[in-house]
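Notes for the structure review
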Amino acid sequence: MMMETNQEKKEGRRRCMELGPVARTHKNVYGLGFSFFAVFCSFQGLQNLQSSINDEGGLGLVTLALLYAFFFLSGFISPAFVNLFGTKYSLLIGMFCHLLYTLSNYYGSWYTLAPSSVLLGLASAPVWAAASTHITLCAIQIAPVVKEKEAHLISQYTGVMFLFFQFSSIPGNLCSSLILCFNDEPLINSSSNTSSIVSNGTCQHDSKEIEYLYLYLLISVYVVFVAVAITSEALLVDKFPRDAMFFSTKRKFRVFLVEPVKEMLKVLFDWKMLLLTPMGLANGLEQSFLFGTFTKLYISDCLGVCYVGYALAMFGFVSAISSFTAGRIVKYIPRFVVMLTGASINTVLLTALFVLGEPGASSSYSEAFESPFIFVIVFVFCAAWGIGDAIWNTMFGSTLLQCNVHCTVGNT
């Protein structure tokens, strides 16, 4: 009798420690978001500095191109990858690839950066597919409990994930700026002044090398970010139950490879996906302009390399708040109105830059690139771009998930 009483007490304590369905869903969503925040603190900081820290022979830019090329190609295998490993282990594998990529920057060469970039590119699409699948499954499971529409919860959880993702650019970029501008001493091996020259509308900033001491310090900080991401993902993100482990080899081949590829090809040529494709292409072009051309011409050349982090931190802060807001207001405002607002902001910014022209080019607005106007242009544009980019990313992601829910949760 005593043994039964003790067993009942243990069972009661175990039930008390278990999380309810709502709390468990929030643990998964916010745990996934935090792990994304930590891992992309590292990646975005390194990405924005690749052309500076690995500039010999265009190593940084070429390896980034390799990474995104294989990112694109890995989209074809991501359904099979997620079905094979599940969402939790797909995320862990991808984060370990992030760790290898970060470590390879300690000794940046073609033999270290190129293979790690290819590996990270191959893991990137499965990571995003696993994250999208996980939050979609969370929304579907909790919707009957909280009596909300699945579409609203998917938008809300996507907004939460992008809130963490967009916030990740703040610590990563601030770390690079603070270390590069550390202690009021130039960290650049050059006898010339490190500050840029802005005169008569012309921006000039010479390319200089970063000292290895500060480079290793910066990379070490990024390694810590990735380690925190791996730990939080392992502890906070649950593994969804699967019965596929009991399948025969033939059944596994069909479930893990044949069916996902068939579903992917079917979705790829669906008319809804064809209409969404230009949105994805436009978003990619806009981001490549922002993180490539805009940061080079308007920030590095006009203000100096240490201001890149500050400006993109502003972008990340505003974008994070806007992502969270956009994921919630879609419950009250039609989706197309929200998306149209984001597209309008991006269009206005690009038109304004087209009118202003390139820094250093002769135009009637060349005085705009003289101090302090250039600071206004850089930081106001980055803040406004954060709003437009957040709306575009959040709405595009949630729309994509809702159009393909049957494929997202199939065989998972």
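Up top is the structure these notes are about.
To keep things clear, this report deals only with the structure shown in the data block.

Conventions used here
Residues numbered from 1 in each chain as written. Predicted model: local features only at pLDDT ≥ 70, side-chain atom pairs only at ≥ 80, totals over all residues. Heavy atoms only, no water. Phe/Tyr/Trp six-rings, centres within 6.5 Å; stacked < 30°, edge-to-face > 60°. Helix = DSSP H or I, 4+ residues; strand = E, 2+ residues; numbered from the N terminus. Buried < 20%, exposed > 50% of the residue type's maximum accessible area, 1.4 Å probe, protein only. Contact = heavy atoms within 4.5 Å. Core = buried A, V, L, I, M, F, W, Y, C linked by side-chain atoms within 4.5 Å.

Concerning the packing of aromatic side chains
Each pair of aromatic rings is reported with the distance of its centres and the angle of its planes. Within the structure shown, the criterion is met by 16 aromatic pairs. Between Y106 and Y216 the ring centres are 6.0 Å apart and the planes differ by 50°, which places this aromatic pair in the tilted class. Note that Y106 is positioned in the loop between α4 (78-104) and α5 (110-146) and Y216 in helix α8 (residues 212-236), a separation of 110 residues in sequence. Judged by relative accessible area, Y106 falls into the partly exposed class, the value being 28%. On the numbers, 5.9 Å between centres and 65° between planes, the contact of F167 with F317 is edge-to-face. Of this pair, F167 sits in helix α6 (residues 150-167) while F317 sits in helix α11 (residues 306-329), and the two are 150 residues apart along the sequence. Through successive ring pairs, a cluster of aromatic residues spans F36, F40, F43, Y101, W128 and F165.

Side note on the side chain of S42
Relative to the assigned elements, S42 resides in helix α2 (residues 21-53). Discounting chain neighbours no more than four positions away, the residues touching S42 are T102, Y222, F225 and V226.

Some words on the nonpolar core
Counting 58 residues, the largest nonpolar core has L32, F36, L91, Y101, Y157 and M161 as the members making the most contacts within it. Elements that contribute at least two residues to this core include exactly α2, α3 (59-74), α4, α5, α6, α7 (169-180) and α8. Aside from chain neighbours lying at most four places away, what touches Y101 is F43, L46, Q50, L64, L67, L113, S116, S117 and L120. Residues L303, V308, C382 and W385 belong to the second largest nonpolar core, which totals 19 residues.

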